[in-house]
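These are the residues of each chain, in order.
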Amino acid sequence: MAKIIALLAEGLFRRELLVGAILLSTFTIVVALNSAEAGWRIGYSVAGALGIVGAFAAMRGNWRIQWLGSVGIIVANVVLLVVHGRISG
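Residues numbered from 1 in each chain as written. Predicted model: local features only at pLDDT ≥ 70, side-chain atom pairs only at ≥ 80, totals over all residues. Heavy atoms only, no water.

## Brief notes about helix α2 (residues 12-33)
Here's step 1: Its 22 residues give α2 an end-to-end C-alpha distance of 32 Å, which sits within 8% of 32 Å, the value for a rise of 1.5 Å per residue.
Here's step 2: Among all positions of α2, only Arg-14, Leu-17, Leu-18, Ala-21, Ile-22, Ser-25, Thr-28, Val-31 and Ala-32 are buried. (Helix = DSSP H or I, 4+ residues; strand = E, 2+ residues; numbered from the N terminus. Expected span 1.5 Å × (residues − 1). Buried < 20%, exposed > 50% of the residue type's maximum accessible area, 1.4 Å probe, protein only.)

## Here we look at the packing of α2 against helix α4 (residues 63-88)
Here's step 1: Here α2 crosses α4 at 30°, and the two axes come no closer than 9 Å. Taken together, the axes of α2 and α4 lie roughly parallel to each other. The element α2 and its partner α4 pack so that their crossing is left-handed. Seen from α2, the contacting residues are Phe-13, Arg-14, Leu-17, Leu-18, Gly-20, Ala-21, Leu-24, Ser-25, Phe-27, Thr-28 and Val-31; seen from α4, they are Trp-63, Gln-66, Trp-67, Ser-70, Val-71, Ile-73, Ile-74, Asn-77, Val-78, Leu-81 and His-84.
Here's step 2: For the contact of α2 with α4, a count of residues per class yields 14 nonpolar, seven polar and one charged. (Axes fitted to C-alpha atoms, helices over the stretch in contact; angles between N-to-C directions. Parallel < 35°, antiparallel > 145°, perpendicular 65-115°, else oblique. Left-handed = near helix turned anticlockwise from the far one by under 90°. Contact = heavy atoms within 4.5 Å. Nonpolar A, V, L, I, M, F, W, Y, C, P; charged D, E, K, R; others polar.)

Structure follows, in structure tokens:
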């Protein structure tokens with residue numbers, strides 16, 4: 001646990017979380033573009049775009065905002081992708 005906290009303080013782990021948030025948000029947009037219905041397509045595209053914008057906004061904050069923002073974006077994208085997978089079959 002102390003090693004993870006040290007990595008967070010150094011910024012190595014935070015940058016990886018931010019990259020993960022951007023990649024998952026991009027993947028959410030790609031999944032949205034493959035949806036059949038317009039509502040899903042618009043909603044997931046907006047959610048993915050907000051995730052990317054939020055990740056870039058979190059980069060400008062202090063380390064706590066970067067960590068919480070990137071983890072929140074990752075969790076939200078995973079939930080959206082699981083919901084889309086369950087609904088689309």
